[in-house]
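# Descriptive analysis of the structure
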Amino acid sequence: MRRVYLDNNATTPILPEVFEAMKPYFGEHFGNASSIHHHGQETRAAVERARESVAGLLGCQASEIVFTSGGTEADNLAIFGVLSEVLTAGVAGSHVITSTVEHHAVLNACKRLATLGCDVTYLPVDGQGQVDPDDVRRTLRPSTKLITIMMANNETGVVQPVEEIGKTAAEGGVRFHTDAVQAVGKVPVDVGRCGCDLLTLSGHKIHAPQGVGALYVKKGLQLRPMLYGGSHERSRRAGTENVPGIVALGKAAELARQSLDAGGGRTMATMRDRLQTAVSEAVEATGVNGGRSPRVPNTTSIYFDYIEGESLVIALDLKGLAVSTGAACSSGAIEPSHVLMAMGLEPDRARASIRFSLGKQNTAEDVDFAISLIPQVVGRLRELSPVGKVLGGN
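Predicted, not measured: the structure shown is a model, and the values here were computed from it. (Residues numbered from 1 in each chain as written. Predicted model: local features only at pLDDT ≥ 70, side-chain atom pairs only at ≥ 80, totals over all residues. Heavy atoms only, no water.)

Along the backbone of the protein there are 15 helices and 15 strands. In terms of C-alpha radius of gyration, the protein reaches 22 Å, essentially the compact-globule figure of 21 Å for 394 residues. When the 394 residues of the protein are sorted by exposure, 57% land in the buried category. Only carbon and sulfur atoms are counted for the fraction: they give 52% of the accessible area of the protein, which is about 16,300 Å². On the protein, the mean spot of the 38 positive side-chain charges and the mean spot of the 42 negative ones are 2 Å from each other. (Helix = DSSP H or I, 4+ residues; strand = E, 2+ residues; numbered from the N terminus. Rg over C-alpha atoms; globule rule 2.2 N^0.38 Å. Buried < 20%, exposed > 50% of the residue type's maximum accessible area, 1.4 Å probe, protein only. Areas by Shrake-Rupley, 256 points an atom, 1.4 Å probe, with all protein chains shown as cover. Lys, Arg positive; Asp, Glu negative; His and termini not counted. Charge placed at Lys NZ, Arg CZ, Asp CG, Glu CD.)

Per-chain confidence: the protein averages 93 in pLDDT, with 94% of residues scoring 70 or above. Ignoring residues within four places in sequence, the model shows residues 327-333, a span with pLDDT below 50, making eight contacts including any to other chains. (pLDDT = per-residue confidence, 0-100. Contact = heavy atoms within 4.5 Å.)

It is worth spelling out the pattern of salt bridges at this point. In total, this model carries 20 salt bridges according to the counting rule given. Its salt-bridge partner being R175, residue D197 comes within 3.3 Å of it at the nearest N-O pair. With D197 in the loop between α8 (191-194) and β7 (198-202) and R175 in strand β6 (residues 175-179), this residue pair connects regions lying 22 residues apart in the sequence. Across the pair D348 and R351 runs a salt bridge whose closest N-O atoms are separated by 3.8 Å. Placement of the pair is D348 and R351 together in helix α14 (residues 347-351), with a separation of three residues, close to one helical turn. With a relative accessible area of 58%, D348 lands in the exposed category. (Salt bridge = Lys/Arg side-chain N within 4 Å of Asp/Glu carboxyl O.)

In contact at an axis separation of 10 Å, helix α11 (residues 264-282) and helix α15 (residues 364-383) are set at 15° when each is read in the N-to-C sense. With respect to α15, the axis of α11 lies roughly parallel. For the crossing formed where α11 meets α15, the hand is right-handed. Where α11 approaches α15, its residues M271, R274, L275, A278, V279 and A282 are matched on the opposing element by A364, V367, D368, A370, I371, I374 and P375. Partitioned by chemical class, the residues of the contact of α11 with α15 number eleven nonpolar, no polar and two charged. (Axes fitted to C-alpha atoms, helices over the stretch in contact; angles between N-to-C directions. Parallel < 35°, antiparallel > 145°, perpendicular 65-115°, else oblique. Left-handed = near helix turned anticlockwise from the far one by under 90°. Nonpolar A, V, L, I, M, F, W, Y, C, P; charged D, E, K, R; others polar.)

Compared with an ideal rise of 1.5 Å per residue, which puts twelve residues at 16 Å, helix α5 (residues 104-115) spans 16 Å between its outermost C-alpha atoms and is within 8% of the ideal. Residues of α5 that are buried: A105, V106, L107, A109, C110 and L113. At the C-terminal side of α5, G117 shows a positive phi close to 105°. (Expected span 1.5 Å × (residues − 1).)

Within the fold, A342 resides in helix α13 (residues 338-342). A C-alpha to C-alpha distance of 41 Å links A342 and S231, two positions 111 residues apart in sequence.

A separate point is the sheet that holds strand β8 (residues 213-217). Within the open sheet, the seven strands sit side by side as β2-β8-β7-β6-β5-β3-β4. Their pairing is mixed. With one partner strand each, in any of the chains shown, β2 (65-68) and β4 (119-123) form the two edges of the open sheet. If you compare each strand with its neighbour and ignore which way they point, the axes differ by 20° on average. Bridging between strand β5 (residues 144-148) and β6 involves three bridges; their strand directions are parallel. Among the inter-strand pairings, T148 is bridged to a residue of β6, identified as H177. Contacts between helix α7 (residues 162-172) and the sheet are confined to β5 and β6, with β6 contributing the most and set at about 160° to the helix. (Pairing = 2+ DSSP bridges.)

In C-alpha cells, the structure reads:
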C-alpha cells in the first residue's frame, strides 16, 4: 500500500543529509563535549558549529543559543527563567500576558505560574485565529514581566503579528517570548526584526530528530536555570550535551536556510493551496480554518461538516494517508480543539476539522494522492451519517 505522510506539524522525518551528519557522533566521535582532551574537543567543535548554524537561521549571535531537549523545555526555560522571583520567593503580583491559542507547553506553564501567585491574562483571538496587538497594549500593567505569544499556530498555521507585539513589549520594558516551533524553517525568522527577547524552536519540526531543541536568549538577559548541575550552555542549561542531536539540528537549520533562500516556502505554499482548493471544490460543506490570515506555507486546517474528525483520520490512514485532527483525547473523551474553540467554532465543527501539514519530503504526487482519496472517504463517512446523507454522500 502506498503511504503518504501529511502530519509534519506533529513531527517530521529526518532528512538523509541530517542523518548522515549526526551518524558519526554515535560512534567514532563519541567524546563528552566538556572534556579537554582530543575526543572532547572534537565534539565541542561540532556543537559550536551547530550553534553557529542555528544562530544563522535566526539572525542572532551564536552565544545567544541555548540547546535544550526540545520545544517544551525551551518554552518552560523562557517562562520560568524570566519569572524567577515567583518561583524562588513566591512573590505574588507579577503579571504575564499570553493567548488562548498557545501550545500546551506555554498554557500549562502559565497555569503553573498562576498557582504560585502570578496573574495571567489570556488574550482572545478573532475568527481567523489572530491576536489583536492593541489588546496586548491595553493589557500591559506596571507589574507585567513577560509577554509570551506564539509566532505560528501548530493547528491552523496562522501567523501572529509578532513584530507589532515586540514593539509594544519594548516600549513597555517587558520581556517578549515567542514560541516559534512551527514557524522556524518555514518562514524567514529574524529575532531582531520581531523584537523578541526569547524564542523557542524544536528540531523534530524541521527534519532533525526528536529530543533536541533550542532557546534564543537575547544577550544580557539573565535567566534562572531550570536544571542545576554543571556549567553547560553558559550556566543556562546543565547537563551533558546531546551531541548527535545538536549536530543534526545544526544541519537541519543549514538546510532550512538554504531552502528559504531558494524559495522553498513558495513551492510548499503552492502545494498546500492546491490541496485545500481541490478538496473544497470536490467536497461540500467544508472550509478552511484561519484561511484569511497569514499562515505558514505548509499548513491548512479544513473542517468537514457532518462527520467526526477522528473517524476521518482513521479512515484515511486505512487508505494510506496520515493526517491529524485538532482534538485531543483525554481520559477517553474526545475534546474539541482549544485553538478552534477560541476562534469561535462550534464544538461539532471543531471536532470535524482536520490538519494537513506538508514537509520537505512531500511531492506534488503526494498531494495528488490526497486529493484523489479525501472526497471518496468523506463521502463514505457521510453516507453513514443521517445529516450527511442530505448531501448525497458526495
